[in-house]
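Working through the structure, step by step
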Amino acid sequence: MSTPILATKLYLPPPRPGVVLRSRLIERLSQGSHRRLTLICAPAGFGKTTLISEWLAGCDRPAAWLSLDEGDSDPTRFLAYLVASLRTIAADIGEGVLSMLGSPHPPPTESVLTTLLNEINTIPDNFVLVLDDYHVVDARLVDDALAFLLDHLPPRMHLIIATREDPNLPLSRLRVRGQLSELRAADLRFTPSEAGEFLEGVMGLNLSAEDIAALETRTEGWIAGLQLAAISMQGRKDATSFIESFTGSHHFVLDYLVEEVLGQQSESIQTFLLSTSVLDRLCGPLCDAVLLDPSASGQEMLEYIEHSNLFIVPLDDERRWYRYHHLFAELLRQRLHQSATSVVELHVRASQWYEDNGLDMEAIHHALVAEDFERAASLIELSWRAMDRSLQFAMWLGWVKALPDELVRARPMLSVAYAWALMDVGELEAGESRLRDAERWLETTADTSVPSAEMVVVDEEEFRSLPVTIASAHAYLAQVLGDVSGTVRHARRALDLLPEDDHLGRAIPGALLGLAYWESGDLEAAHRTLADALMGFQMTGNIVAAISGTYGLADMRVDQGRLQEAIRTYERSLRLVMEQGEPALQGTAHLYLGLSGLRLEQGDLEAAKQHMLKSEELGEHATSPDWPYRSCVAKARMAEAQGELDDALDLLDEAERLYRRSPVPDVRPVAALKTRVWVGQGRLTEALGWACERGLSVADDLSYLREFEHIVLARVLMAEYRSEGADRSILEAMGLLARLLQAAEAGGRMGRVIEILVLQALAHHMQGDISAALQPLQRSLTLAEPEGYVRIFVDEGTPMARLLSEAATHGITPDYTGRLLAALEAEAHESEHKSYSPPDQPLAEPLSQRELEVLRLIAQGLSNREISERLFLALDTIKGHNRRIFGKLSVQRRSEAVVKARSLGILPHQN
Amino acid sequence: MSSRLDQPMVYQIRVKGHLGPQWTDWFGGLAITLEDNGETLLTGPVVDQAALHGLLRQVRDLGMPLISAVRVKPP
């Protein structure tokens, strides 16, 4: 990921020489470090940061530090920085998380965090992570991420949060569980003796006991106040009179003292302090650029200010970057506001310096603060590519939305980028409207090679590709909305505008065109077009993009009944990945997942499991955005094939939640997959409910996109006939199947043809007409044999076993039929074995086979997550099993469940 | 008077310590009244809840002890 990481945010402030040793607080931090979280919560100026750095210096644990700023309210950026800070103590961790964050649609935060937690677990030592200034983060998503992290905090990790306000975390729960250690304002205030030690020992002032007491009372032990008071007194002979007027005044402590301190500084220092207070970070050259005063050197000024203890904090060891203490900066800014200096001008100069030094984010920030919107718009326009690549849509969108709208509309490039960013975050309508803004400029300009006078374009090279970019964006939009003819029209226009040899440029509209053909059911054209586009990516070195469409190619082959070729498609992409070396590219896990499904279809459960395991092992980092959804569907299929229908449904529910509309056609909707399982369970009411809800009828016009649903509808009708015996149901099913067969054959979708023939055979069988059943069965067997299909027959269970035996006696594909019958027999044996194996359960409601399996793994000491990985089930599914186990055993927790199960003889007693 | 909280309302924020009149700008035009007991009252219309929270955040970031924040009827 190319997010620029500012090292200064990760700088662990070293302990400062000459500070008050606060052993009572250090001791409390040490004790608290055995808990999960230390919360240091107090207003500005209470010495939070100093205290932590003191404690860390004397503690033998390595520490990662992260100073937060407003930008970290963007969860992606927050996580990127979190990883970057952890890398300061464990250089090789977080690779997975970074590549997840680097995908165009990052997976849910929870799965990113799970990956991170697994990687953190590899850190061998106890360590500390400090999040400083957490109050600046104002984002529910970041709070939630942190709460999740705390819930699953690895035992060797301790988290410290320093903040001015209580964070939005489950603090009371942590307190009750003894997982929280707290230091608050009352703890952090200087006690009278600490105040004395500070004023005399550290600041070298010679004060009477009364003076010290008076200062301590006036500041109420507020460290920032005492420090400013001490600086004010350092240059004075008559400390007592200062103390008298200070303590006699009602002025807000800091307001009074900053005035005093500034008053003691030379004019040039005062100007420097006020002018540079607009900067979040300072370095010599930046200060020079902001001040434009050739007589002063920024670097020297900064060193003088540091030397004079004027609330400046170094951000690195080289004394290059500094920042003012936040409180001091706030007071300086208020005074700057009062002065005659043009604050806008200062921000513009800062923006200019940042731009010259390649720091776009800061350049944009200062331009926006200065309300120099023209400048900001240009910078934002130019930053799009980099921000898009590093997936900081949220931050980029925040910038654009801060611009006056007419300014955005006057910029075609900015409008197109805005459109893409909006579409990326799922705001399709808003995206389309921005696209139209950009387009209007093309309509008014005859010559599209040069920007016209009224429009604003900063990147002329990008401008020349504007018509292509717009057409591609339209194609994307149309494809997401399921408007196939729109996709085809726009994608073709983009392709027409591009030269034949612009392989990369043609790849995006080409891929969209391929997806549109796919959706319309023209699988040959779709395959050819998509494969060409992916080759375009490959030729231009975009391997991740090149392999991202593999499952599309393979899925088409599966529908065409070409399993072997689908397998070769995945294997080819895997070879491409191997050639790139380690670590595995994003999307690699999908290749194994795809292979797993194909091996499962061929009846090789072991190989399927191996591939599934391999895809899991690759870690979620080798996945792309739709991974959680695809992985759930694949696991559901595996559970279904193993007869675990409840688990399959749980996984499909999860998949349904995770599904996001994308340009990839949804040719196997999850709801239809669920209905197939319901039919298997005999849940006719639910299955009919689905058909009704989807408005499906046997009289529907047929289309490829709904073909899968119509095949499931035929299954529902057959189940209805089986259960209720109404002739109408079976006749309708047969009629529908005949039409479906014709359509699938016409489209060359032999995979679908095989399934339809199987259903026709079963329908005849249901009506007791075995010899009529044999005809479609024979055809399906002949088509399926060379491709090695197994599940498509075996899934149908006993009726299929009967039909295959009959086929065997008729000498139909004898080897193949024999193999299928053996598989069916093994499966029947397995389920018999399963249903008789449970021990006697003296329970009102006995545990299911799966629940027993989970309980055994609990007894072996596996965590829920480990169990979910072992059984290829979603974590939530395991939790659901746990709840049911606890309910049936009338216990509250895992350990009690094991004890109770042992005492009841459900689990063997421990020796 | 509407009591809906998304309407502009007059708020009175009481902090500890006296602030000079030059702070008026900083606090978005709120009137500054100094009380004899050493407290400062910031009084004025606040557009909505978000603005109120922003104001309280400003007070927090100055490290000013906040004593109270109340909604008052406009005069």
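Before any of the text, the structure's been laid out above.
Now for a look at the structure at hand. (Residues numbered from 1 in each chain as written. Chains lettered and ligands numbered in written order. Predicted model: local features only at pLDDT ≥ 70, side-chain atom pairs only at ≥ 80, totals over all residues.)

**What about the sheet that holds strand S4 (residues 157–163) of chain A?**
Note: strands within a sheet are paired through backbone hydrogen bonds, in either parallel or antiparallel orientation. All names here are of chain A. This is how it is decided: Between any two strands, at least two bridges found by DSSP are needed for them to pair. Per the convention used, a helix needs a DSSP run of H or I reaching at least four residues, while a strand needs a run of E reaching at least two, with both numbered from the N terminus. Orientation is described by axes fitted as lines to C-alpha atoms, over the contacting stretch for helices, and by angles from 0 to 180 degrees between their N-to-C directions. Throughout, a residue-residue contact means that the two C-beta atoms, derived from backbone geometry, are no farther apart than 7 Å.
Pairing within the open sheet is parallel, and its 5 strands lie in the order S2-S3-S4-S1-S5. In the strand order of this sheet, the two ends are held by strand S2 (63–67) and strand S5 (180–184), each with one partner. Averaged over all pairs of adjacent strands, the angle between strand axes in this sheet comes to 15 degrees, irrespective of strand direction. By the bridge criterion, 5 bridges tie strand S1 (residues 37–41) to S5 in an arrangement that is parallel. Across the sheet, Leu37 pairs through a bridge with Leu180, a residue of S5. Across the sheet, helix H3 (residues 75–86) is in contact with S2 and strand S3 (127–132); its angle to S2 comes to roughly 145 degrees.

**Quick word on the environment of A:Arg434**
All names here are of chain A. This is how it is decided: With C-beta atoms placed from the backbone, a residue is buried if 20 or more other C-beta atoms are within 10 Å of its own, exposed if 12 or fewer are, and partly exposed between those counts.
Relative to the helices and strands, Arg434 is located in helix H24 (residues 428–444). Here Arg434 falls in the buried class, since 25 other C-beta atoms lie within 10 Å of it. Sequence separation between Arg434 and Leu422 is 12 residues; the distance between their C-alpha atoms is 8.9 Å. Setting aside its immediate chain neighbours within four residues, Arg434 contacts Ser415, Tyr418, Ala419 and Leu422.

**Observations regarding the sheet that holds strand S1 (residues 9–16) of chain B**
All names here are of chain B. Ordered in space as S2-S3-S1-S4, the 4 strands form an open sheet in which the pairing is antiparallel. The open sheet terminates on both sides in strands that have one partner only, identified here as strand S2 (31–34) and strand S4 (66–72). Each adjacent strand pair in this sheet contributes to an overall mean axis angle of 20 degrees, direction not counted. Sheet topology note: the S1/S4 ladder contains 6 bridges and is antiparallel. Each bridged residue has a counterpart across the sheet, and for Val10 the counterpart in S4 is Val72. On top of the sheet, helix H1 (residues 49–61) reaches S1, strand S3 (39–46) and S4; it is set at about 15 degrees to S1, its chief contact.

**Quick word on helix H18 (residues 343–356) of chain A**
All names here are of chain A. Here is the rule we go by: The span you would expect from a helix comes to 1.5 Å times its residue count less one.
Compared with an ideal rise of 1.5 Å per residue, which puts 14 residues at 20 Å, H18 spans 20 Å between its outermost C-alpha atoms and is within 8% of the ideal. Taken residue by residue, H18 has Leu346, His347, Arg349, Ala350, Ser351, Trp353 and Tyr354 as its buried positions. At the C-terminal side of H18, Gly358 shows a positive phi close to 70 degrees.

**A closer look at unusual backbone geometry**
Residue and element names in this part refer to chain A. The phi angle at Thr813 is positive, at roughly 30 degrees, despite the residue not being glycine. With respect to the secondary-structure elements, Thr813 resides in the loop between helix H44 (797–809) and helix H45 (814–836). Even without being a glycine, Ser890 presents a positive backbone phi close to 50 degrees.

**Concerning the nonpolar core**
The criterion, for reference: Buried Ala, Val, Leu, Ile, Met, Phe, Trp, Tyr and Cys residues form a nonpolar core when they are connected through C-beta atoms within 7 Å.
If you look at the biggest cluster of nonpolar residues, it comprises 274 residues, and the most contacted ones within it are A:Leu226, A:Leu254 and A:Val416. With residues up to four places along the chain from it excluded, the contact list for A:Leu254 reads A:Ala224, A:Gly225, A:Leu228, A:Leu327, A:Leu331, B:Leu62 and B:Gly63.

**Brief notes about the packing of helix H37 (residues 670–681) of chain A against helix H39 (residues 704–724) of chain A**
Residue and element names in this part refer to chain A. Where we set the bar: Orientation is classified from the angle alone, with under 35 degrees giving roughly parallel, over 145 giving roughly antiparallel, 65 to 115 giving roughly perpendicular, and any other angle giving oblique. By definition, any crossing whose near helix is turned counterclockwise from its far helix by less than a right angle is left-handed, and any crossing with a clockwise turn is right-handed. Each residue gets one label: Ala, Val, Leu, Ile, Met, Phe, Trp, Tyr, Cys and Pro are nonpolar, Asp, Glu, Lys and Arg are charged, and the others, such as Gly, are polar.
Relative to each other, H37 and H39 sit at 20 degrees, their axes nearing to 10 Å. Relative to H39, the element H37 lies roughly parallel. Classified by chirality, the crossing of H39 by H37 is left-handed. From H37, Ala672, Thr675, Arg676 and Val679 reach across to H39, where they touch Phe708, Glu709, Val712, Arg715, Val716 and Ala719. Of the residues that constitute the contact of H37 with H39, the class distribution is 6 nonpolar, 1 polar and 3 charged.

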